[in-house]
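Descriptive structure summary
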Amino acid sequence: MEFLHPGYMIAGGALISSPILIHLINRMRFKRIHWAAMEFLLKSQKRNRRRLIIEQLILLLLRILLMLLAGFLVARLVYAGTSAKGATHVVVLDDSFSMGDRDPKGKTTAYREGVKQIATLAEKAGDSQATQFLKVYLASRPDAPVFDGQLGRESKSAVETAIAKGGAQPTLLSVSPLAAIKKGRADLAGTKQGCKMLYFVSDFRDRDWSEGGDAENLAKEVQGAIKEEISVTFLDVAAPFREKASQVVRNHDNLAIVEFAADQRVALEETKVQFTVGIMNYGVTVQQPPPTLRVRVNGEYDKIVSQQLPSLAAGTMTRHSFDLSFPRREKGPAGIASKDTDEEKERKRRLDRYYFHVQADIGDEKDGGGLNQDNCRDLIIEVRRQVPTLLLDGNKKDNRGERSDVDLLTKALGSNREFEIQEVELDKLDKIDLALYPSVILINHAELPEAVVKRLQNYVNEGGTVCYFLGEQVRPAFYNEVLFPAGLFPLKLDKMNDPLATEFPDLEKRREARLEKLKESRPKVLFPNGSHPVVSTISLLYQGPLQGLGVNVYWKAQPRSQWDPDRKQVEDLLVLPNPGSIDVYKGQAQRLLAEALRDTTKLASKEAEVKKYVGPVDAFGGKVRDALLEGSLTKLSQVLDDLLNDPGEKGNPARPKMPDLWSHVDMKDRAKQLLEFRDSVLYGDPLLVSKQSGRGRVVAMMIPPGTLPRKGVDEDKVSWNNWGEGERYLTESYALFMNRLQAYLVSQGGQNLNFNVGQGMELKVPTRLYTQKALWSFTLQPDALPNDAPNKLEEGKKQEVTLKLEDNKLNYLLKFEPQVKPGVLRIYLPLAEGAGGPGAPPAGKGLEEMRAFAFNVDAASESNLKRASKDRLDPSPPGRSTGSGVMIRTPGDAGDYEFADKQPDASESPLLYLFFIIILVAEQAMAVHLSFHLKSNENAPAASAAPAAAA
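Throughout what follows, the structure given in this document is the object of discussion. (Residues numbered from 1 in each chain as written. Predicted model: local features only at pLDDT ≥ 70, side-chain atom pairs only at ≥ 80, totals over all residues. Heavy atoms only, no water.)

**Digging into the overall build of the protein chain**
In terms of helices and strands, the protein chain carries 24 helices and 33 strands. The proportion of buried residues among the 951 residues of the protein chain is 49%. The long-range share in the protein chain, meaning contacts at least 24 apart out of those at least 6 apart in sequence, stands at 77%. (Helix = DSSP H or I, 4+ residues; strand = E, 2+ residues; numbered from the N terminus. Buried < 20%, exposed > 50% of the residue type's maximum accessible area, 1.4 Å probe, protein only. Contact = heavy atoms within 4.5 Å.)

**Let's talk about the side chain of Lys196**
The topology assignment puts Lys196 in strand β6 (residues 195-202). For the buried residue Lys196, which engages in no salt bridge, the nearest side chain bearing the opposite charge is Glu228, 6.0 Å off. In terms of polar contacts, Lys196 uses its side chain to reach the backbone carbonyl oxygen of Glu228, at 3.4 Å. Setting aside anything within four residues of it in sequence, one finds Lys196 in contact with Thr88, Leu188, Thr191, Glu228, Glu229, Ile230 and Ser231. (Lys, Arg positive; Asp, Glu negative; His and termini not counted. Salt bridge = Lys/Arg side-chain N within 4 Å of Asp/Glu carboxyl O. Polar contact = N/O pair within 3.5 Å; in protein donor to acceptor, adjacent residues only side chain to side chain.)

**Brief notes about the environment of Val383**
Tracing the backbone through its elements, the reader meets Val383 in strand β15 (residues 376-384). Exposure remark for Val383: the relative accessible area of 0% places this residue in the buried category. Linking Val383 and Arg328, residues 55 residues apart in sequence, is a C-alpha distance of 9.3 Å. Leaving out residues up to four positions away in the same chain, Val383 has contacts with Ala267, Leu268, Glu269, Phe326, Asp352, Arg353, Tyr354 and Phe356.

**Regarding a negative patch on the surface**
Together, Asp342, Glu425, Asp427 and Asp430 make up a region of like negative charge exposed at the surface. In this fold, Asp430 is placed in the loop between β17 (419-423) and β18 (439-443). (Patch = residues over 30% accessible without salt bridge, like charges linked within 9 Å, V, L, I, M, F, W, Y side chains within 5 Å. Areas by Shrake-Rupley, 256 points an atom, 1.4 Å probe, with all protein chains shown as cover. Charge placed at Lys NZ, Arg CZ, Asp CG, Glu CD.)

**Let's talk about the packing of helix α17 (residues 633-645) against helix α19 (residues 668-682)**
One way to put it is that α17 packs onto α19 with a least axis distance of 9 Å and a crossing angle of 155°. Taken as axis vectors, α17 and α19 run roughly antiparallel relative to one another. Crossing handedness for the pair α17 and α19: left-handed. The segment α17 lies against α19, with Leu633, Leu636, Ser637, Leu640, Asp641, Leu643, Leu644 and Asn645 engaging Ala671, Leu674, Leu675, Phe677, Arg678, Val681 and Leu682. Among the residues forming the contact of α17 with α19, the class breakdown is eleven nonpolar, two polar and two charged. (Axes fitted to C-alpha atoms, helices over the stretch in contact; angles between N-to-C directions. Parallel < 35°, antiparallel > 145°, perpendicular 65-115°, else oblique. Left-handed = near helix turned anticlockwise from the far one by under 90°. Nonpolar A, V, L, I, M, F, W, Y, C, P; charged D, E, K, R; others polar.)

**Some details on the sheet that holds strand β31 (residues 823-830)**
Taken together, the five strands give an open sheet; going across it, the order is β25-β32-β31-β27-β28, and neighbouring strands pair in mixed fashion. In this open sheet, the two edge strands, each paired with only one partner strand, are β25 (754-756) and β28 (799-802). On average, adjacent strands in this sheet sit at an angle of 30° to one another, irrespective of strand direction. With eight bridges joining them, β31 and strand β32 (residues 848-856) adopt antiparallel strand pairing. Along β32, the bridge assignment pairs Val824 with Ala854. (Pairing = 2+ DSSP bridges.)

**Some points on the sheet that holds strand β11 (residues 292-297)**
The strand order across the open sheet built from five strands is β9-β15-β14-β11-β12, with neighbouring strands paired in mixed fashion. Of all strands in the sheet, those with a lone pairing partner are β9 (266-268) and β12 (300-308), marking the two edges. Each strand axis lies, on average, 30° off the axis of its neighbour in the sheet, ignoring direction. Both strand β14 (residues 354-361) and β15 contribute to a ladder of eight bridges, which runs antiparallel. Bridge pairing in β15 links Val358 to Leu379.

**Thoughts on unusual backbone geometry**
A cis amide bond links Ala239 with the next residue in sequence, Pro240, at an omega value of -5°. Tracing the sequence through the fold places Pro240 in the loop between β7 (231-236) and β8 (255-262). In this model, Arg403 sits at a positive phi of 70°, which is unusual for a non-glycine residue. As for its position among the elements, Arg403 is in the loop between β16 (387-393) and α10 (405-414). Exposure remark for Arg403: the relative accessible area of 30% places this residue in the partly exposed category. Phi at Lys809 takes a positive value of approximately 65°, unusual for a residue other than glycine. Here Lys809 lies in the loop between β29 (804-806) and β30 (811-816).

**Quick look at helix α16 (residues 614-630)**
Over its 17 residues, α16 runs 25 Å from end to end, which matches the ideal 24 Å to within 8%, given 1.5 Å per residue. Within α16, the full set of buried residues consists of Pro616, Val617, Phe620, Gly621, Gly622, Val624, Ala627 and Leu628. Where α16 is buried, its residues meet α15 (586-606), α17 and α18 (658-662). Phi for Gly631, located one or two positions after α16, is positive at around 80°. (Expected span 1.5 Å × (residues − 1).)

**Comments concerning the pattern of salt bridges**
Under the defined criterion, the tally for this structure stands at 56 salt bridges. Arg510 is paired through a salt bridge with Asp714; the nearest N and O atoms lie 2.8 Å apart. Pair noted here: Arg510 is in helix α13 (residues 507-518) and Asp714 is in the loop between β24 (696-701) and α20 (728-747), with a separation of 204 residues, a long-range link. The salt bridge involving Lys815 is made with Glu762; its shortest N-O contact spans 3.9 Å. On the criterion of sequence distance, the pair formed by Lys815 in strand β30 and Glu762 in strand β26 (residues 761-766) is long-range, its members being 53 residues apart. Overall, Glu762 belongs to the partly exposed group, its relative accessible area being 44%. Each of the salt bridges in this network shares a partner with another, and the network as a whole consists of Asp498, Glu508, Arg510, Arg511, Arg514, Asp714 and Glu715.

**Regarding the environment of Gln223**
With respect to the helices, strands and loops of the structure, Gln223 is situated in helix α8 (residues 215-227). On the accessibility criterion, Gln223 (28% relative accessible area) is partly exposed. C-alpha of Gln223 to C-alpha of Asp874: the two residues are 651 residues apart in sequence and 8.7 Å apart in space.

**Looking at the pairing of strand β23 (residues 683-693)**
When you tally the buried positions in β23, you get nine out of eleven residues, the bulk of the element. Sheet topology places strand β22 (residues 570-577) next to β23; six bridges connect them, and they run antiparallel. When the sheet's bridge partners are listed, Val575 is paired in β23 with Pro686. Pairing geometry for β23 and β24, over six bridges, is antiparallel. Looking at the pairing, Lys691 lines up with Val698 of β24. Following β23, the chain reverses through two residues before pairing antiparallel with β24; Gly694 in that reversal takes a positive phi of roughly 60°.

**Quick notes on the side chain of Thr779**
Secondary-structure assignment places Thr779 in strand β27 (residues 773-780). A distance of 3.1 Å separates polar atoms of two side chains, one belonging to Thr779 and the other to Arg826.

**Let's talk about the packing of aromatic side chains**
Overall, the coordinates contain 22 aromatic pairs when judged by the stated rule. When the ring of Phe200 is compared with that of Trp209, the centres are 6.1 Å apart and the planes differ by 55°; the resulting orientation is tilted. Overall, the relative accessible area of 6% leaves Trp209 in the buried class. Clustering of aromatic rings is evident, with ring pairs tying together Phe260, Phe275, Phe322, Phe326, Tyr354 and Phe356. (Phe/Tyr/Trp six-rings, centres within 6.5 Å; stacked < 30°, edge-to-face > 60°.)

**Some details on the nonpolar core**
Formed by 82 residues in total, the largest nonpolar core has its most connected members in Leu574, Trp723, Phe737 and Leu741. Ranked by the residues each element gives to this core, the list is headed by α20, at eight residues. Residues within four places of Trp723 in sequence aside, it is in contact with Ile538, Leu546, Leu549, Leu574, Met701, Thr707, Leu730, Thr731, Ser733, Tyr734 and Phe737. Core analysis: the second largest hydrophobic core is formed by 56 residues, Phe200, Trp209, Leu753 and Phe816 among them. (Core = buried A, V, L, I, M, F, W, Y, C linked by side-chain atoms within 4.5 Å.)

In structure tokens, the structure reads:
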């Protein structure tokens, strides 16, 4: 044991003599006088003397004990072993890309300020008398601390050095703080002694704490730490610093290129490709002067497409598009000939592809802080002479020939020199390098072998596109139970459906009904999104001729709730009209229009501007009733569409602009209900759907592409559709549709060549085509290219790497760990002996294939510097025993740290204070007991004295 302030205890010991002296003085102040009347009392006193002495000694001891306790409290007795408890500090330093935010003067960044504040914490804690431990984690590396040790007087420089070794600058990664805060909380939960202190040093962006996917989990983690009696401190080091008295948290403006993409992933040489740059102004003012967009192709500055941008509006994204074409190579491989073997075709396709590096930048932001590394973005685009597609036909021999699926499909695409179709048998797919093909088309397959399913799954996950055309051989159980869960099919199938089969059991009458149906004027196919690139042209040019389209049999999908419950995963490109009866919709239509009128009237009573909409909404209700009486679903859907989208007529109060009403915050929910009802009235079963899966996509057409008669619902021979034959406009629209569909399939198909910093990548190549030794280089992206930058970027130094054997020695695997810097990775793969074809140099003599991949900062996640408000950062309810939530500090007040590292001592024990009070009460009671006080009845006259005097 020891006292923190032993001098006070010595003084307390000296004061013990004061009650003893007072006691002795009280005994000495009495003078003995013999008095006969007192002799009787003295004898009585002698009988009680021992009791009185004991009571006086007890009172004396109580007063001595009070003196001891007073000195004990002030001197603060520390028990043996407690002096080593002290405090354990766990600091999480946010090293994400946004921490590179500069102060307006450009002298420091939020990250550097954070390191400075951690060093200050280490210095102050090291000066403490109690034992202090510190762990520092970087948010990007929560697996191990960059500093872990006991603090002393020289710890400041040691902590700074340790953090500098871990990262002298913030990373260029998008990092969630959740993992590191979890790690820090877990470390402190295992701490048995001392105080537990958790610090998070960050810029506290609103995206992380309010909008991001981890926001809710972050709040739960902080609440959990508080419940575990961990003191949580948030140190906001971003400039401008938070003001305690203000609820508004200011932040720096920032410009960023958040999008840079081509309209197709695989381009044709000497063909224009459209590129789009999306520049986001995260500030609150218009960017003046606007930046200059500079474009480089393989390092060469392109003056034609580089230009001054228009003003960038605050808080919005500005998209700028430009076209580039890529020249034909002077010495490219020979073209593919029909006589070539499959292996020869693959070799030529492999050598046919080459890559262009396109870079866009908008220069530095010199004033006002912000980030510069997000002002430059790289893009790699693959260029070929032709874009190939693999075609796997599952039809039997009797479904081959003229008008068959393969016949009509290849004829429709054959006139377009951009596309090349290679048909391959299913059992030979394992010998095909799928990475060479941006898209794969499967027609009328009942099932797929397990090995093929696995290959296609990897292919789609890496960016490929798989398109299905369905036919009578399809087994829905396989598609629903195998392909759909694997992400290889966009929906769940129900059954083959012939709308006329139930109505006309007689086959002859059914055929006649089909012919009559073709003559109907109502649309035969609908376009939910008429601007989609697959259908945009035919929806405008051929919508009338498509009335002659007949879809007799198709695969019906299960209810949408079974495969797209939130209606956001799958995109409908073509749908059939709703074949149902209008009676099903009468009640709901009348109810929705009545509720819409009621809501409009109620809103008009509060806002005068809305009164002009009451009459039109009531009028639309009348039109809905007319459509219901007429029995036309088409007319009902058109009335609902006009109700939602009527642009109005300027100067005509009877026809206001209806979208303005539905955009009102009080009417948005009602508008959503009306829109969903309109879609349910108008649209029937899906005919063509698309769904993103991994980095690729899967597309399904619920009918075959050919028109040969085949097995239907209960017919042996029926044409499922007539799109590829018949009238001229119908066949023209078919050819156009197939070409647009193919362009859509290859636009995003193929291996993904563009990644965010922080993503790793794997490259798998066949051992039969390449040597095991390869080379790679990395060209680092500059923060932002200055105006006088050289025309060519300097190539990084090539380094040799040995490829690993995989898949029973069939493939080599080259695996790159997550890249932490932006730039372009180039991989040079020497071809194996004979892989170059006849006349090619032998292996290792210069014939090699180059692949390229771009890595960019995740500007969409990191470049918005808007900061979270205090109520977002402090999720804990007030009233907990150690305070009310987290403590939020800034560098302006961070010097006044409350380390809570006081060594636990007796003065903090509530039991000691309770004991002190008990002794004080006992002393007062004993003092009263021993003093001379008349009892309540001793001062009153005798009750019988008055009557006796009267007598």
